[in-house]
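For reference, the chains in residue letters:
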Amino acid sequence: LPDAPSTLLAVPETSSSVNPADTQAAASDPQQATAHEDRQQKRIFGIIPNFKSVTAGTQLPPQTFKDKFVTASQDSFDYSSFTLAAAVSLESYATNATPEFHTGGAAFVRYFWHSYLDEVSENYLVEFIIPAATHEDTRYYSLGKGGFAKRATYSLSRAFITKTDSGKRTFNLSEIVGAGASAGISNYYYPRPERTLDNTISKWGVNVGIDVASFFFREFSPDIYHVVFHQKPTP
């Protein structure tokens, strides 16, 4: 896939450029590091949560046990989480994905709370429980430079590659194992006919796929903002 023109996908300067002196201070001063992390929009277009994205080139102190719990909770109980669960529920209801839920208002409520519980389970396993045990950093570190193909490949690869709390690259156990564990746990609250290996693997794939899509969007959201609004995104 050819690189897109740099004029289209260039990351705004305030989002991707970090003063070397500031970066050095960020590594030694957690409060300064937090200020750098805040250069990323906490809500993309003021709506979509973006709590875990880190500006390209920024160095941050390791995530604490509390940090991982907080980000998992933010992603689970933000109003957008209920919106996503509702959207998934509508699609499942329309396709009669779980016939045991039947039809009507009560059926939609069943679809909704199952979808929401799937979401919360996956969030806490991927962003808190597994990474706390494996000492993995759950934040998304933007690449922020290069052509479209390079940045797209980088963002998609984050499902399999992440950082440890010490800053080293490692296989993303949090994503792969956490998403799979969440799919397995769902067998405890879905109707018995739905507790099949095929359904479990399918849910595992959906969990990872949604996260991969979010990585891609986080990488390119500053560019989309710049193209749509013709201005640099504000922190």
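Above this text is the structure in question.
Per chain, the residues get numbers from 1 upward, laid out in the order the sequence is written. Per-residue local features are limited, in this predicted model, to residues with pLDDT of at least 70; the limit for side-chain atom pairs, both in listing and counting, is 80 or more; totals at the level of whole chains, interfaces and linings are taken over all residues. Here the side-chain values reflect all heavy atoms present in the structure, with hydrogen atoms and water set aside.

Colleague: Please explain the side chain of Arg139 as it appears in this structure.
Modeller: The way it works is that DSSP assigns letters per residue, a run of H or I at least four long becomes a helix, a run of E at least two long becomes a strand, and they are numbered from the N terminus. Summarising the element assignment, Arg139 is placed in the loop between β4 (136-137) and β5 (140-141). Residue class for Arg139 comes out buried when judged on its relative accessible area of 11%. For Arg139, the side chain forms a polar contact with the main-chain oxygen of Pro61, separated by 3.0 Å. One polar contact links Arg139 to Asp137, side chain to side chain, over a distance of 2.8 Å. Each residue gets one of three labels from its accessible area relative to the maximum for its type: buried under 20%, exposed over 50%, partly exposed in between, using a 1.4 Å probe on protein chains only. Nitrogen and oxygen atoms within 3.5 Å of one another constitute a polar contact, given that in protein one can donate a hydrogen and the other can accept it, and given that sequence-neighbouring residues count only through two side-chain atoms.

Colleague: Looking at this model, I keep getting lost on the nonpolar core. Mind explaining?
Modeller: Taken as a class, soluble globular proteins show a tendency for nonpolar side chains to be buried jointly. Of all hydrophobic cores here, the largest spans 11 residues; its members are Val54, Leu60, Tyr140, Tyr141, Leu143, Tyr154, Ala159, Ala179, Val208, Val212 and Phe215. Mapped onto this core, the elements with two or more residues apiece are β5 and α10 (197-229). Among all residues touching Tyr154, those that are not within four sequence positions of it are Tyr140, Tyr141, Ser142, Leu143 and Glu219. Ala72, Ala85, Tyr124 and Phe128 belong to the second largest nonpolar core, which has 6 residues in total. Only buried residues count toward a nonpolar core. Its members are Ala, Val, Leu, Ile, Met, Phe, Trp, Tyr and Cys residues joined through side-chain atoms within 4.5 Å. Working rule for contacts: check all heavy atoms of both residues, and any pair within 4.5 Å makes them a contact.

Colleague: Hey, could you run me through the environment of Lys203 in this one?
Modeller: Position of Lys203 among the secondary structure elements: in helix α10. C-alpha of Lys203 to C-alpha of Ser182: the two residues are 21 residues apart in sequence and 8.5 Å apart in space. When sequence neighbours within four positions are dropped, the list of residues in contact with Lys203 reads Ala183, Ser186 and Tyr190.

Colleague: Sorry, what's going on with the packing of aromatic side chains here?
Modeller: Geometrically, a pair of aromatic rings is defined through the distance of the ring centres and the angle of the planes. Working definition: a ring pair exists when centres of Phe, Tyr or Trp rings (six-membered ring for Trp) sit within 6.5 Å. Plane angles under 30 degrees give stacked, over 60 give edge-to-face, the rest tilted. Under the criterion given, the structure shown has 18 aromatic pairs. When the centroid spacing of 4.8 Å and the interplanar angle of 15° are considered together, the rings of Phe82 and Tyr116 count as stacked. A residue pair is termed long-range when its members are at least 10 positions apart, and Phe82 in helix α6 (residues 79-94) and Tyr116 in helix α7 (residues 105-134) qualify at 34 residues. Take Tyr116: its relative accessible area is 14%, and that puts it in the buried class. Ring pairing ties together the aromatic residues Tyr93, Phe101, Phe108, Tyr111, Trp113, Tyr189 and Tyr190, which thus form one cluster. Geometrically, a lysine NZ or arginine CZ counts as sitting over a ring once it is within 6 Å of the ring centre and also within 35 degrees of the ring normal. In this structure, Lys163 packs its charged tip against the face of Tyr141, placed 4.0 Å from the ring centre.

Colleague: Can you walk me through the pattern of salt bridges in this structure?
Modeller: Only one rule defines a salt bridge in this text: a Lys or Arg side-chain nitrogen within 4 Å of an Asp or Glu carboxyl oxygen. Inspection of the entire model under this criterion finds 4 salt bridges. Across the pair Asp165 and Lys68 runs a salt bridge whose closest N-O atoms are separated by 2.9 Å. Placement of Asp165 in the loop between β6 (161-164) and β7 (169-171) and of Lys68 in helix α5 (residues 65-77) is noted, with a sequence separation of 97 residues between them. Pair check on accessibility: Asp165 and Lys68 agree, each one buried. Across the salt bridge formed by Asp223 and Arg151, the nearest N and O atoms sit 2.8 Å from each other. Taken together, the residues Asp223 in helix α10 and Arg151 in helix α8 (residues 148-157) connect sequence positions 72 residues apart. Bridged by salt links that share partners, the residues Arg151, Glu219 and Asp223 form one connected network.

Colleague: How should the packing of α7 against helix α9 (residues 173-185) be read in this particular structure?
Modeller: Packed helices, taken two at a time, are described by the angle between their axes plus the distance between the axes. In this analysis an axis means a line fitted to C-alpha atoms, helices contributing only their contacting stretch, and an angle means the value between N-to-C directions, from 0 to 180 degrees. Running from N to C, α7 and α9 cross one another at 135°; their axes reach a closest spacing of 8 Å. On the basis of the axis angle, α7 is oblique to α9. Note on packing geometry: the crossing formed by α7 with α9 is right-handed. Contacts between α7 and α9 involve Asp118, Ser121, Glu122, Leu125, Val126, Ile130, Pro131 and Thr134 from the former and Leu173, Ser174, Glu175, Val177, Gly178, Ala179, Ala181, Ser182 and Ile185 from the latter. Residues were grouped as follows: Ala, Val, Leu, Ile, Met, Phe, Trp, Tyr, Cys and Pro as nonpolar; Asp, Glu, Lys and Arg as charged; and all remaining residues, including Gly, as polar. A per-class count over the contact of α7 with α9 returns 9 nonpolar, 5 polar and 3 charged. For classification, angles of less than 35 degrees are called roughly parallel, those exceeding 145 degrees roughly antiparallel, those between 65 and 115 degrees roughly perpendicular, and all remaining angles oblique. By definition, any crossing whose near helix is turned counterclockwise from its far helix by less than a right angle is left-handed, and any crossing with a clockwise turn is right-handed.

Colleague: Teacher, can you tell me more about a nonpolar patch on the surface here?
Modeller: Here a patch means residues that are over 30% exposed by relative accessible area and free of salt bridges, tied together within 9 Å if like-charged and within 5 Å if nonpolar (Val, Leu, Ile, Met, Phe, Trp, Tyr). Surface exposure here means Shrake-Rupley accessible area, sampled with a 1.4 Å probe, where a residue is shielded only by the protein chains that are shown. Where nonpolar side chains cluster on the molecular surface, the patch consists of Leu84, Val88, Val206 and Ile210 and spans about 290 Å² of accessible area. Since its relative accessible area comes to 32%, Val88 is described here as partly exposed.

Colleague: Whenever I open this one, α9 confuses me. Can you help?
Modeller: Expected helix span is computed as 1.5 Å times (number of residues minus one). For α9, which comprises 13 residues, the first-to-last C-alpha distance of 17 Å matches the rise-based estimate of 18 Å (1.5 Å per residue) to within 8%. Within α9, burial applies to Ser174, Glu175, Ile176, Gly178, Ala179, Gly180, Ser182 and Ala183.

Colleague: Can you walk me through the sheet that holds β4 in this structure?
Modeller: Neighbouring strands of a sheet are bound in pairs by backbone hydrogen bonds; such pairs are parallel or else antiparallel. Here, any two strands with at least 2 DSSP bridges between them count as paired. Taken in spatial order, the 3 strands of this open sheet run β4-β6-β7, and their pairing is antiparallel. Only two strands of the sheet have a single neighbouring strand rather than two, namely β4 and β7.

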